[in-house]
Amino acid sequence: MARDAGLEELLREELGQRPGLSEKAMFGGWAFLLNGHLLCGAREDGMLIRLGKGNDAWALEQADVKPMLSGSREMQGWVRAGPEAYGNDMLRKRLLLAALNFVEGLPPK
């Protein structure tokens, strides 16, 4: 899996200089962590977003948003947003805000 530098930059701009935010290579792409917890990621096959178990139903109703798969296993609480979804400024911001709300509620690592 190859990285998507354009999506990485888009996520950097959206997330800003938030305290506790870090980045690293992960899952064949680029991951963004908040206080040590995975928040979101960028890969050539889309934007990964962590919404938390039971918090992803609304996102899966959006165009070009699918469950995140690890092999053939669906990852509960994670979604993959394709270009149509992450290219929509309002939807991208809504997904990121939902991810931030979930991850900010986790205890720091």
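Residues numbered from 1 in each chain as written. Predicted model: local features only at pLDDT ≥ 70, side-chain atom pairs only at ≥ 80, totals over all residues. Heavy atoms only, no water.

In the annotation of an unreviewed UniProt entry, the entry for the chain reads TfoX N-terminal domain-containing protein, and the organism field reads Rhizobium miluonense.

(A) Structural view of the environment of Arg-3. Summarising the element assignment, Arg-3 is placed in the segment before helix 1 (5–15). Taking the relative accessible area as the measure of exposure, Arg-3 reaches 43% and is therefore partly exposed. The sequence separation of Arg-3 and Pro-67 amounts to 64 residues, and the corresponding C-alpha distance is 20 Å. Aside from chain neighbours lying at most four places away, what touches Arg-3 is Glu-8, Gly-28, Gly-29, Trp-30 and Glu-44. Separated by 2.7 Å, the side chains of Arg-3 and Glu-8 make a polar contact. (Helix = DSSP H or I, 4+ residues; strand = E, 2+ residues; numbered from the N terminus. Buried < 20%, exposed > 50% of the residue type's maximum accessible area, 1.4 Å probe, protein only. Contact = heavy atoms within 4.5 Å. Polar contact = N/O pair within 3.5 Å; in protein donor to acceptor, adjacent residues only side chain to side chain.)

(B) Summary view of the UniProt feature "domain: TfoX N-terminal" (unreviewed entry) in the chain. Per the UniProt record, "domain: TfoX N-terminal" (unreviewed entry) is annotated on residues 15–100. Taken end to end, residues 15–100 is 24% helix and 45% strand, and its two terminal C-alpha atoms sit 9 Å from one another. (UniProt positions renumbered as here; feature names shortened; annotations may be inferred.)

(C) Representation of the nonpolar core. Counting residues in hydrophobic clusters, the biggest one holds 24 residues, and the most contacted among them are Leu-11, Cys-40, Met-47 and Ile-49. The element best represented in this core is helix 4 (residues 89–104), accounting for six residues. Leaving out residues up to four positions away in the same chain, Cys-40 has contacts with Leu-11, Leu-15, Trp-30, Ala-31, Phe-32, Leu-48, Ile-49 and Leu-96. (Core = buried A, V, L, I, M, F, W, Y, C linked by side-chain atoms within 4.5 Å.)

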